[in-house]
Amino acid sequence: MLHKQLLVCQREITGREQRWRRGGRSVLQDRTPSPPSRSTTAMTGTLPRFPTMPALLSSLPRGINPPTLPRGITMPSVTIPSLPRGMSLPRAVAMPTVTQAHRRLLQDCCSVLDHQTPGGLCGCCWALRPRYKRLVDNIFPEDPEDGLVKANMEKLTFFALSAPEKLDRIAAYLSERLTRELNRHRYGYVCIAMEALEQLLLACHCQSINLLVESFLSTLRLLLEADKPHLHILATNSFVKFANIEEDTPSYHRSYDFFVSRFSEMCHSEHEDADIQNKIRVSGIRGLQGVVRKTVDDELQVNIWEPRHMEQIVPALLVNLQQHTHTNSESPAEQTEVCFRELLGRAAYGHITNAIRPVLMHLDSHGLWEGRSFAVRCFQIIMYSIQSQHSHLVIQQLLGHLDANSRSPASVRAGIVEVLSEAAVIEATGSVGPTVLEVFNTLLRQLRQSVDYELTGYYDNAGKHKTTSPEEKTLQDAVIKTIGSFANTLPVYQRSEVMLFIMGKIPVPGIYPALGSPNAGFEGSRMIQVMLLKSLLQVSQRYESSNLLTALPSSFLEPLLSFTLMEDPEIRLLVLSILTSLIDRRHNAARLTTASVAFDVSVLELKEDRCSRQDNLFMRKHAQRLYRHVYLACKEESSGQSHYQALFTLLAVLSVELANEEVVVDLIRLVLALQELALSNQECLSVFNRCSVHAVCAAFLNLLSQLGPPPPLHEHVTQVIESRQSDAPHLLPEDVLCDQPRLPEGELKVDEALLFTQSKICEALTGSSYSAHAECFNTPYIPQLSDEDRLSKRKSIGDVVSLQIDMDPQYCPDAQQKPQTEHITFETLKNAIEDRGSVEEEERRKRMEVVERFQTAPFEEIAAHCGARTSLLQSKLDQVFDLIIHPPPSPSGHSPPRSTPLYEMKFPDLCVY
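For clarity, every value in this text was computed on a predicted model and none was experimentally measured. (Residues numbered from 1 in each chain as written. Predicted model: local features only at pLDDT ≥ 70, side-chain atom pairs only at ≥ 80, totals over all residues. Heavy atoms only, no water.)

### Brief notes about the overall build of the protein
- Helix and strand counts for the protein stand at 39 helices and zero strands.
- The long-range share in the protein, meaning contacts at least 24 apart out of those at least 6 apart in sequence, stands at 73%.
- When the accessible surface of the protein is split by element, carbon and sulfur atoms take 53% of a total near 48600 Å². (Helix = DSSP H or I, 4+ residues; strand = E, 2+ residues; numbered from the N terminus. Contact = heavy atoms within 4.5 Å. Areas by Shrake-Rupley, 256 points an atom, 1.4 Å probe, with all protein chains shown as cover.)

Next up, the structure:
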């Protein structure tokens, strides 16, 4: 109550004094006793009597009691001595002494009550207060609009630097003044107090700054807890200035949890005024940036990378990055990107996971994977901001998140995969990480799941959430693109491993098991084959290797070539494209994609080089296998225009990349064999197939004859092509391998003049370096069918008979039985032809039984079955070894002396081997 009455009196006196200064009639002058006249003063020769201190105390307003003095201390009486005799004052002076005393006394009382200073003379008299308080009070002007009193501020700064032990008291008193002005809504004085604190922080040395920080941070908390936006901005600006100060002395007890929470809340501001909302959000972002700068480099500070902090900071940044655009440098989006990049750039190896996980959670909760653009932008910022050696951690986080969302809609999975693809492109300079194959294994697993979802129509096991084939196709294309993007970041030797790894996942007949689920069936296996071959094509398109022996090892080439004999046209076309991209090391295939008889090698500007020793070894080892599969691929009835174009491109690349005298002769023999194939009536080929084969032969021989053979060969080829152009244009690629092929009606008939003749070709090569191999033309090319080709000619994996089945005892006749000779007659052949269908059906049934037994039988039964076959094999081996060790009797009838087998001989212990 007393405190309130003192405040009322102080306000009344202050108001009257201000009115008196402005020149108006002051109430104070009206109530002040008028000074004595000049004559009276002259006669008496003494000054007017001043009231004593007890009189002053007794003249306080009603209801206000003077402060009590400590025991033993009495109030001194003050008397003014009289002037000497004969002296007088020159003029009357009006002194409102009583009123000034009242004012000073009220100020002292208010100071006592406000600052809780113990009673005494120092609390009542302003001049006897501590110096630091007087210096602090002097920096505040009478009008807050005048701003900080700079001269007094310099005095306060000099005093603080001279006596650093007083810094904590100065800061506490400034914080106290600011709190009082904030409670009285005097925001001008609040700004002055904050400016003074900032100047003291900047002026103090690093060793003594901790004395100011606690009071400074408590003051900022008060401002941030207020409900005024301009105070929030003021506090944020002060905190940013504080964050830029480098401290040498650690602080173990400082906490920034409140600031992280409050600045994050400011980033989510929804103020009615859009301009104020942007200012608040920008301030919040700058505040978070200040917190990061202050704490991230100091291990003794609070760990800002903890999940509880990251879950507040990262979503606050992403909200502003998502909802705003880059309009200017002060926009929330621009400030957010700067802060986000700085945050990620300071992240160490162990902090990447905590920084990325909130990003994934934010994109999940707001459904931002489906839009893809924002998610891609976020991870572009992440990949460009973090240290390059930590990039694989982001990839691993995305792969784990993709697995976690395997039961999500296809659009979500496609969004994650697209982000993975973009991240792999950015990370092209580094490595995918220590688990290279795990990356591709995860992506291939997603392909398998997508195929299963497409076949069932649901992306969950319960069958509640439907999916469509176009959505799954989009996902599959994104996965295939991502596989290619990841492969392009790897060195050459790792790409070879990746291609072998992918090939191992493809269900190859008789070699690798099926990758799909057991319920997928034939269509599922076919779709998985197509998807994985497309992935393999993505990897091979940018694969560059100088040595084809390492690029196409037998373990990779044999299963790949087996797909050229599959009945699915799409699979065969993919395999031809993969072979072409792997052999085409100088990128000539782009100029040879279209078969034509108008090719001019000088215009094409093909890049040729002499075959290396490794290339010659490769052709000697694998050339016949390549020729055989090209020949057999031309016999497929389901081949279309794209297949024959791909076959021409493959042959052209072979002739450019790997051509020597022997290879050129072999290729000409292959072309002549293909020409005979198109003329043969034994093959069930359509007119389009026959015309296409003739067209491919003409286009390839026209190209090959310009790459080094003697000119007579090119003259013969040109002569045949001109004859076809005039008499049979349907035998040329321009008329057949087009969108609307022009085919002859009825059966195809080709004159001898329209064919390439073996004798003329041999004559053209005579006398050149090719004549050494010309004898090969005497033997026509006939492809040799192998077990690989026989097994590849199957429609599905269930029809494949493993090589192990052929070793079953029930299918293998006993070696000890003598072969029975049967007299073959016409009736025997007739019966064999009639019973062929039933025999094939019986064989098929037996194969299916064996396959089903291996899929469903218990492990013990399978092990026992294999053990029986092993024992049979062991017995055969024992017989062979016995014959080797104990030879049969000689024809003379005298058996040689029986020797002890080496493995049964006993050697002495000290025998040296």
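### Some thoughts on unusual backbone geometry
- At His 185, a position not held by glycine, the phi torsion is positive, near 60 degrees.
- Secondary-structure assignment places His 185 in the loop between α9 (167-183) and α10 (187-203).
- His 185 gets classed as exposed once you look at its relative accessible area, which sits at 55%.
- In this model, Glu 605 sits at a positive phi of 55 degrees, which is unusual for a non-glycine residue.
- Within the secondary structure, Glu 605 is located in the loop between α28 (601-604) and α29 (613-634).
- Under the relative-accessibility criterion, Glu 605 is labelled exposed at 59%. (Buried < 20%, exposed > 50% of the residue type's maximum accessible area, 1.4 Å probe, protein only.)

### Focus on the nonpolar core
- Core analysis: the largest hydrophobic core is formed by 224 residues, its most contacted members being Trp 369, Phe 379, Leu 533 and Ile 668.
- Counting residues per element, this core draws most heavily on helix α31 (residues 661-679), at 12 residues.
- Residues within four places of Trp 369 in sequence aside, it is in contact with Leu 360, Leu 363, Asp 364, Ala 375, Phe 379, Leu 398, His 401, Ser 411, Val 412, Gly 415, Ile 416 and Val 419. (Core = buried A, V, L, I, M, F, W, Y, C linked by side-chain atoms within 4.5 Å.)

### Focus: the environment of Ala 646
- Position of Ala 646 among the secondary structure elements: in helix α30 (residues 641-657).
- Residues Ala 646 and Ala 589, 57 residues apart in the sequence, show an inter-C-alpha distance of 10.0 Å.
- Apart from the residues within four sequence positions on either side, Ala 646 is in contact with Leu 573, Leu 576 and Thr 580.

### As for helix α35 (residues 758-765)
- For α35, every residue scored as buried is listed here: Ile 761, Cys 762, Ala 764 and Leu 765. All buried residues of α35 fall inside an arc of 160 degrees around its axis, so they share one side.
- Looking at the buried residues of α35, the elements they touch are α31 and α33 (711-727).
- At the C-terminal side of α35, Gly 767 shows a positive phi close to 85 degrees. (Arc of directions from axis to C-beta.)

### Overview of the pattern of salt bridges
- Enumeration according to the criterion identifies 26 salt bridges in this entry.
- Two residues, Arg 293 and Glu 342, come together in a salt bridge whose shortest N-O distance is 2.8 Å. Placement of Arg 293 in helix α14 (residues 274-295) and of Glu 342 in helix α16 (residues 332-345) is noted, with a sequence separation of 49 residues between them.
- According to the relative accessible area criterion, Glu 342 is buried, its value standing at 16%.
- Residues participating in the shared-partner salt-bridge network are Asp 137, Arg 177, Glu 181 and Arg 186. (Salt bridge = Lys/Arg side-chain N within 4 Å of Asp/Glu carboxyl O.)

### A short note on the packing of α33 against α35
- Across the interface, α33 lies against α35 with an axial gap of 7 Å and an inter-helix angle of 155 degrees. In terms of their interaxial angle, α33 and α35 are classed as roughly antiparallel. The two elements α33 and α35 cross, and the hand of that crossing is right-handed. Residue-level inspection shows Pro 712, Leu 713 and His 716 of α33 in contact with α35, the latter providing Lys 760, Ile 761, Ala 764 and Leu 765.
- Its residues assigned to classes, the contact of α33 with α35 shows five nonpolar, one polar and one charged. (Axes fitted to C-alpha atoms, helices over the stretch in contact; angles between N-to-C directions. Parallel < 35°, antiparallel > 145°, perpendicular 65-115°, else oblique. Left-handed = near helix turned anticlockwise from the far one by under 90°. Nonpolar A, V, L, I, M, F, W, Y, C, P; charged D, E, K, R; others polar.)

### A short note on the state of the cysteines
- Per the stated rule, a full pass over the model turns up zero disulfides.
- Between Cys 697, a cysteine without a disulfide, and Cys 634, which holds the nearest cysteine sulfur, the sulfur-to-sulfur distance is 7.2 Å. (Disulfide = S-S within 2.5 Å.)

### Some details on the packing of aromatic side chains
- According to the stated counting rule, one finds 15 aromatic pairs in the structure shown.
- Seen in terms of ring centroids, Tyr 631 and Tyr 781 are 6.2 Å apart; in terms of plane orientation they differ by 70 degrees. Their pairing is edge-to-face. Taken together, the residues Tyr 631 in helix α29 and Tyr 781 in the loop between α35 and α36 (787-792) connect sequence positions 150 residues apart. Each member of the pair Tyr 631 and Tyr 781 is classed as buried.
- What links up through ring pairs into an aromatic cluster is the set Phe 216, Phe 239, Phe 242, Tyr 256, Phe 258, Phe 259 and Phe 263.
- The ring of Phe 140 has Arg 177 lying over it, and the distance from NZ or CZ to the ring centre is 4.3 Å. (Phe/Tyr/Trp six-rings, centres within 6.5 Å; stacked < 30°, edge-to-face > 60°. Lys NZ or Arg CZ within 6 Å of the ring centre and 35° of its normal.)

### Some thoughts on a negative patch on the surface
- On the surface, a cluster of negative charge is contributed by Glu 676, Asp 727, Asp 751 and Glu 752.
- Tracing the chain through its elements places Glu 752 in the loop between α34 (733-736) and α35.
- A residue is classified by how much of its surface remains accessible, and Glu 752, at 66% relative accessible area, is exposed. (Patch = residues over 30% accessible without salt bridge, like charges linked within 9 Å, V, L, I, M, F, W, Y side chains within 5 Å. Lys, Arg positive; Asp, Glu negative; His and termini not counted. Charge placed at Lys NZ, Arg CZ, Asp CG, Glu CD.)

### What about the confidence of the model for the protein?
- The predicted model of the protein averages 76 in pLDDT, with 71% of residues at 70 or higher.
- Least confident of the elements in the protein is helix α3 (residues 38-44), whose mean pLDDT is 37; most confident is helix α17 (residues 352-365), at 93.
- Long-range and interchain partners of residues 111-124, a stretch whose pLDDT sits below 50, account for 26 contacts in this model, where long-range means more than four residues apart.
- In this model residues 787-821 is a low-confidence stretch, pLDDT under 50, and it forms 57 contacts with partners more than four residues away in sequence or in other chains. (pLDDT = per-residue confidence, 0-100.)

### A closer look at the packing of α14 against α16
- Here α14 crosses α16 at 10 degrees, and the two axes come no closer than 9 Å. When the interaxial angle is binned, α14 and α16 end up roughly parallel. Between α14 and α16, the residues in contact are Asn 278, Arg 281, Val 282, Ile 285, Arg 286, Leu 288, Gln 289, Val 292 and Arg 293 and Pro 332, Gln 335, Thr 336, Val 338, Cys 339, Glu 342 and Leu 343, respectively.
- Here the contact of α14 with α16 is composed, by residue class, of eight nonpolar, four polar and four charged.

### A closer look at the environment of Asp 600
- Along the chain, Asp 600 falls in the loop between α27 (569-583) and α28.
- Exposure remark for Asp 600: the relative accessible area of 36% places this residue in the partly exposed category.
- The sequence separation of Asp 600 and Gln 706 amounts to 106 residues, and the corresponding C-alpha distance is 7.9 Å.
- At 3.0 Å, the side chain of Asp 600 forms a polar contact with the side chain of Ser 602. (Polar contact = N/O pair within 3.5 Å; in protein donor to acceptor, adjacent residues only side chain to side chain.)

### Some details on the environment of Leu 672
- Within the fold, Leu 672 resides in helix α31.
- Leu 672 sits 108 residues away from Pro 780 along the chain, and the two C-alpha atoms are 8.2 Å apart.

### Quick look at a nonpolar patch on the surface
- A cluster of nonpolar side chains, namely Leu 873, Leu 877, Val 880 and Phe 881, defines an oily patch on the protein surface of about 350 Å² accessible area.
- Its place among the elements puts Leu 873 in helix α39 (residues 859-885).
- The exposure class of Leu 873 is partly exposed, given its relative accessible area of 48%.

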